[in-house]
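Read off the chains here:
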Amino acid sequence: MKFGNPLAAALVITAATVLIVSYALHQPHESALLIIIVYIATIIFLSITVYFVSKMYSKHKSSVDPEDFIGICEDLNTEIAIWSDDFSLIIMNKKLRDLIGVDYEKYDKKEALFTAFGLKKENGADIKNFTQSTSYESSFRNPSGSVSIMWSTSLVKKIKKRSFFLSTGFNLTELKKMKNNLASANDFFKSSMELAEIGLLMSSDKKKFVASPEAVRMLNLKNGTIDISVLRSMIHPNDRIHFERAVKYVDANGNVNSIQMQIKSSSGSYHWYNFRYKSIKGTPNTAAVFGGALLDITQEHEKDIMIERLAYIDEVTEIANRNKLMAAGQELYDTCNVLGHSYWIIVLDIDRFHIVNDTCGYDNGNYILKNFAHILYKFVTPGGIAARISGDNFALILKDYGDDDLPSRTARSIQEEFAKLAVDDFEAINLSCSAGFSKMPQDGNSFLDVMEHAEFALKSANGSQNTIIGYEPSMHDSIIGRSELEKALALAIKNNELQLFYQPKIDLKTGKIMGVEALIRWIKPDGTIIKPDSFVPIAESSHLIGKISEFVLSEGCRQNKLWQKMGYPNIVMSINFTSTDFYQTDLKEKVLESLAKSKLDPKWLEVELTETLALSDIDFAVSQMNKLRELGVKLAMDDFGTGYSSLSYLQILPITLLKLDRSFITDIQNDNIAFEIVSAVIRIAKSKKIETIAEGIENKEQEEILRQAGCDYGQGYLYGKPMPAEKMNEFFEENAKIK
Ligand code: C2E
Ligand code: MG
Ligand code: MG
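Residues numbered from 1 in each chain as written. Chains lettered and ligands numbered in written order. Predicted model: local features only at pLDDT ≥ 70, side-chain atom pairs only at ≥ 80, totals over all residues. Heavy atoms only, no water.

**Considering the coordination of the magnesium ion (ligand 2)**
Only Glu 517 (OE), Asn 576 (OD1), Glu 608 (OE) and Asp 638 (OD) from the protein coordinate the magnesium ion (ligand 2), and they sit 2.1 to 2.2 Å from it. Sequence positions of the donors to the magnesium ion (ligand 2) reduce to the motif E-x58-N-x31-E-x29-D. The metal-metal distance between the magnesium ion (ligand 2) and the magnesium ion (ligand 3) is 3.9 Å, with Asp 638 serving as a donor to both. One end of the pair, Asn 576, is in strand 20 (residues 572-576); the other, Glu 608, is in strand 21 (residues 605-610), and 32 residues separate them in sequence. (Donors = N, O, S within 2.8 Å, 3.2 Å for Na, K, Ca; no water. Helix = DSSP H or I, 4+ residues; strand = E, 2+ residues; numbered from the N terminus.)

**Focus on the coordination of the magnesium ion (ligand 3)**
Protein coordination at the magnesium ion (ligand 3): the donors are Asp 638 (OD), Asp 639 (OD) and Glu 695 (OE), at 2.0 to 2.4 Å from the metal. Mapped onto the sequence, the donors of the magnesium ion (ligand 3) take the spacing D-D-x55-E. Judged by relative accessible area, Glu 695 falls into the buried class, the value being 12%. (Buried < 20%, exposed > 50% of the residue type's maximum accessible area, 1.4 Å probe, protein only.)

**Structural notes on the packing of aromatic side chains**
The full count for this structure, using the stated rule, is 20 aromatic pairs. Pairing Phe 243 with Phe 275 gives two aromatic rings, centres 6.2 Å apart and planes at 50°, and the pair type is tilted. In this pair, Phe 243 sits in helix 9 (residues 237-248) while Phe 275 sits in strand 10 (residues 270-280), placing the two residues 32 residues apart along the sequence. Summarising the burial analysis for this pair, Phe 243 and Phe 275 share the class buried. An aromatic cluster is built from Trp 83, Phe 87, Phe 114, Phe 117, Trp 151 and Phe 165, whose rings are joined through pairwise contacts. A cation over an aromatic ring shows up here: Lys 324 above the ring of Tyr 312, its NZ or CZ 5.3 Å from the ring centre. (Phe/Tyr/Trp six-rings, centres within 6.5 Å; stacked < 30°, edge-to-face > 60°. Lys NZ or Arg CZ within 6 Å of the ring centre and 35° of its normal.)

**Digging into the site of ligand 1**
Around ligand 1, the surrounding shell holds 22 residues, and the nearest of these are Gln 503, Glu 517, Arg 521, Asp 638 and Glu 698. At 2.9 Å from an oxygen atom of ligand 1 is found a side-chain nitrogen or oxygen belonging to Arg 521. Asp 639 is positioned such that a nitrogen or oxygen atom in its side chain is 3.1 Å from an oxygen atom of ligand 1. Burial of ligand 1 by the surrounding chains reaches 86%, relative to a free accessible area of 780 Å². For the shell around ligand 1, the elements supplying multiple residues, two or more each, are strand 18 (513-523), helix 17 (532-541) and strand 22 (634-640). Broken down by element, the shell around ligand 1 gets its largest block of residues, four residues, from strand 18. Tallied by class, the residues present in the shell around ligand 1 amount to seven nonpolar, five polar and 10 charged. (Near = heavy atom within 4 Å. Polar contact = N/O pair within 3.5 Å; in protein donor to acceptor, adjacent residues only side chain to side chain. Areas by Shrake-Rupley, 256 points an atom, 1.4 Å probe, with all protein chains shown as cover. Nonpolar A, V, L, I, M, F, W, Y, C, P; charged D, E, K, R; others polar.)

**Focus on the packing of helix 18 (residues 545-565) against helix 20 (residues 587-598)**
Contact geometry for helix 18 and helix 20: axes closest at 9 Å, N-to-C directions at 30°. For the element pair helix 18 / helix 20, the angle class is roughly parallel. Between helix 18 and helix 20 lies a crossing whose hand is right-handed. Note on element contacts: helix 20 touches helix 18 through Lys 590, Val 591, Ser 594, Leu 595 and Ser 598, opposite Glu 550, Leu 553, Ser 554, Cys 557, Arg 558 and Lys 561. Within the contact of helix 18 with helix 20, the residues separate by chemical class into four nonpolar, three polar and four charged. (Axes fitted to C-alpha atoms, helices over the stretch in contact; angles between N-to-C directions. Parallel < 35°, antiparallel > 145°, perpendicular 65-115°, else oblique. Left-handed = near helix turned anticlockwise from the far one by under 90°. Contact = heavy atoms within 4.5 Å.)

**Observations regarding the environment of Ala 112**
Turning to its location among the elements, Ala 112 is positioned in helix 4 (residues 109-117). The class for Ala 112 is buried, based on a relative accessible area of 1%. Distance in space between the C-alpha atoms of Ala 112 and Leu 96 is 9.7 Å, their sequence separation being 16 residues.

**Some details on the sheet that holds strand 5 (residues 162-171)**
Ordered in space as 2-1-5-4-3, the five strands form an open sheet in which the pairing is antiparallel. Edge positions in the sheet fall to strand 2 (90-92) and strand 3 (136-142), since each has one partner strand and no second. Adjacent strand axes in the sheet meet at a mean angle of 25° when their direction is disregarded. Relative to strand 5, strand 4 (residues 145-159) is paired through 10 bridges, and the arrangement is antiparallel. Counterpart to Ser 154 in the pairing with strand 5 is Leu 166. In the packing of helix 4 onto the sheet, the strands contacted are strand 1 (79-84), strand 2, strand 3, strand 4 and strand 5, and the crossing angle to strand 2 comes to about 55°. (Pairing = 2+ DSSP bridges.)

**What about the side chain of Lys 399?**
Its place among the elements puts Lys 399 in strand 14 (residues 393-399). Among buried Asp, Glu, Lys and Arg side chains, Lys 399 stands out as unpaired, with Asp 400 the closest opposite charge at 8.6 Å. (Lys, Arg positive; Asp, Glu negative; His and termini not counted. Salt bridge = Lys/Arg side-chain N within 4 Å of Asp/Glu carboxyl O.)

**Observations concerning unusual backbone geometry**
The residue after Met 440, namely Pro 441, is reached through a cis peptide bond having omega 10°. Structurally, Pro 441 is set in the loop between strand 15 (433-440) and helix 15 (447-459). Residue Lys 599 is not a glycine yet carries a positive backbone phi of 60°. Within the element layout of this structure, Lys 599 appears in the loop between helix 20 and strand 21. The class for Lys 599 is exposed, based on a relative accessible area of 64%.

**Comments concerning the nonpolar core**
Judged by nonpolar contacts, the single largest core of 76 residues is most densely connected at Ile 548, Trp 563 and Leu 605. Beyond its immediate chain neighbours, meaning those up to four positions away, Trp 563 contacts Tyr 502, Val 516, Tyr 568, Ile 571, Met 573, Ala 725, Met 728, Asn 729 and Phe 732. Counting 26 residues, the second largest nonpolar core, distinct from the first, contains Ile 375, Leu 398, Phe 418 and Ala 435. (Core = buried A, V, L, I, M, F, W, Y, C linked by side-chain atoms within 4.5 Å.)

**Describing a nonpolar patch on the surface**
A surface patch of nonpolar side chains, about 320 Å² in accessible area, is lined by Phe 170, Leu 175 and Met 178. Residue placement: Leu 175 occurs in helix 6 (residues 173-195). (Patch = residues over 30% accessible without salt bridge, like charges linked within 9 Å, V, L, I, M, F, W, Y side chains within 5 Å.)

**Quick notes on the pairing of strand 18**
The buried fraction of strand 18 is high, at 10 of 11 residues. Bridging between strand 17 (residues 498-507) and strand 18 involves nine bridges; their strand directions are antiparallel. In the strand pairing of strand 18, Leu 498 is matched with Trp 522. In sequence, strand 17 turns back onto strand 18 through a hairpin of five residues, with Gly 511 there showing a positive phi of about 80°. Sheet topology note: the strand 18/strand 20 ladder contains three bridges and is parallel. Its bridge partner being in strand 20, Glu 517 is matched across the sheet by Ser 574.

**So, helix 9**
Its 12 residues give helix 9 an end-to-end C-alpha distance of 17 Å, which sits within 8% of 16 Å, the value for a rise of 1.5 Å per residue. Three or more residues of helix 9 are buried, namely Asp 239, Phe 243, Ala 246 and Val 247. Along the axis of helix 9, the buried positions cluster into a sector of 95°, meaning they face one direction only. For helix 9, the exposed residues set more than 90 degrees away from the buried face come down to Asn 238 and Lys 248. In the core, the buried residues of helix 9 are packed alongside strand 7 (208-211), helix 8 (228-234), strand 9 (257-264), strand 10 and strand 11 (289-296). (Expected span 1.5 Å × (residues − 1). Arc of directions from axis to C-beta.)

Right, dumping it as structure tokens:
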């Protein structure tokens, strides 16, 4: 507000003076003088009053106005400073004082102002810059940390040459902190994604995807956006449909779903990714978003494949294993009923594989298995499968197209191809296989059923080689009988129902006992005696033979040693070995163990082997025989004349005794040819220093002919049938009486 312009006051006073003077001049002299005196007195009085009032006002204006202003500013919830450009006036409200954190009274106000404004010193340029910019950010430190203020300054008054400014601050400290926190949260998020190797793909229109930095790295993208068409082209053709479906049919309720797909990497190879995705509903302010997290699961996938390989692939042959066959087979079985298809199941077994495996070594055994698998594989037709079920058992599933001869024809072709396979250094081995087959769904209520029936058919060949047999329901009973017998035999072994009978061997020159042959019997609890021909072949095919042979070996040694201890003459104990026993690599150790346990001198033990057994792999047989011979154990060739009967083998095999088969002896008195053969064999054996024994001597006539022919020993009902050990005691007693 303005008080008293001097010019206006002068004009007013002059006008008033002119008016009063002209009025007074029209009055009588005394009155005019009085008027003028009163007027002058009034002017003087007014001037004095105006002077004092204006003086009072100006005093009031310079001290009271800012104070009021301070009063208003003091409690404002924002930082305020009023200052003059010569810094003679500096007012800071409480908010600002507290922020600077100084004792306002003690602090140099100018310094405090400069701190608040973030100005280093009283620099005209700085201050000009500060006052001219509409907003100026300053930062300083107070006792509780760093402070940031955005200042807005305006000129509020210019008095004479002094300018007065009002600066209003906006405290950015908390905002800055939030921003920093946000930035670090963003960094944290980014690092988490990076560490967890999770890439994000988000899209609001399902056309363009925004890729997180990790997704850019994973997929080797050029930048952070990718077009759906480009993304689609990077996905493996097999998996595109899953991705399309994910995008199209994403659950509108925001539930999370996931798919696994292969996406091409920068190297051009595909990586497996798990894509967990969802849709986020839009709001009036935000668009709906479809997006998901990508996780590279290539390694896990490879592990799964490995596990599947281990679970479903046969390690040796690298074709499907039994698990795979069963799973795939049951699937096919189920489609049979639905689609009206039918399939042949051929089960194949490599004949005498255990001999091949034992004699040729595992490497050659595996070589044969692998090649057999490859042969089999050639015959797989679409929709079929070839698998190794166990050991030397394989299976082939073929789709049936109404040709009933297909399984036999295929099995025959496999046999022919297999026969051509020559194993290095073992050309002498005849490779053959047998097959059983059945048809599904006709031959069983499940795939397992049908396969078991094909196995029944195979088993019904009962050891004969190179056979191909189709399943017939009648086989069922005999096979069941056979497997029941197996179970019963296993139990019999456990319950010690097996017993050795002994049949004497006689020196034809003296009539004295020179040995016994241990022949096994199964004596059932009711006393029924079962002969070895009925259970030894079953024991051999079901691997029970190992247990039986262990028993025969140890019991034979123990009994012979017992007879020696009882004072009976020393005799040779002969035991029979099957090929399974004979080709065991630890044969020598097992024999040695029984001898050591019984303390029987090895020369009183003899092992009987058949020709067929010895000749299936002559080299290995000779090495096994030599091992036994080294121990001092005797070796007899059993049933001589029934097998390959090549006398030349007598040159090679380190045998000590030749057992002429009973078939030559039965009619030797009438059969000239038999007689000639027996005589010739005896002569040749003698020349090789091999002793001879004739089996099955039932009468004196036969005995006499054989003695004449030079046969050393005889065995047969004429001297005694196989008998239990106690009966043998009596035999010894009787035999001792012979002079
Ligand atoms: P093998 O080794 O040729 O045994 C001789 C077989 O001829 C015995 O039959 C015996 O009782 C029979 N035999 C002996 N003398 C005469 C005779 O004068 N007339 C007639 N008709 N037969 C006679 P067994 O005891 O039934 O044994 C049959 C076959 O079973 C044996 O033939 C042998 O190959 C096998 N075997 C017997 N015991 C065992 C054993 O402990 N282990 C193995 N692996 N095989 C055995
Ligand atoms: Mg024998
Ligand atoms: Mg025999």
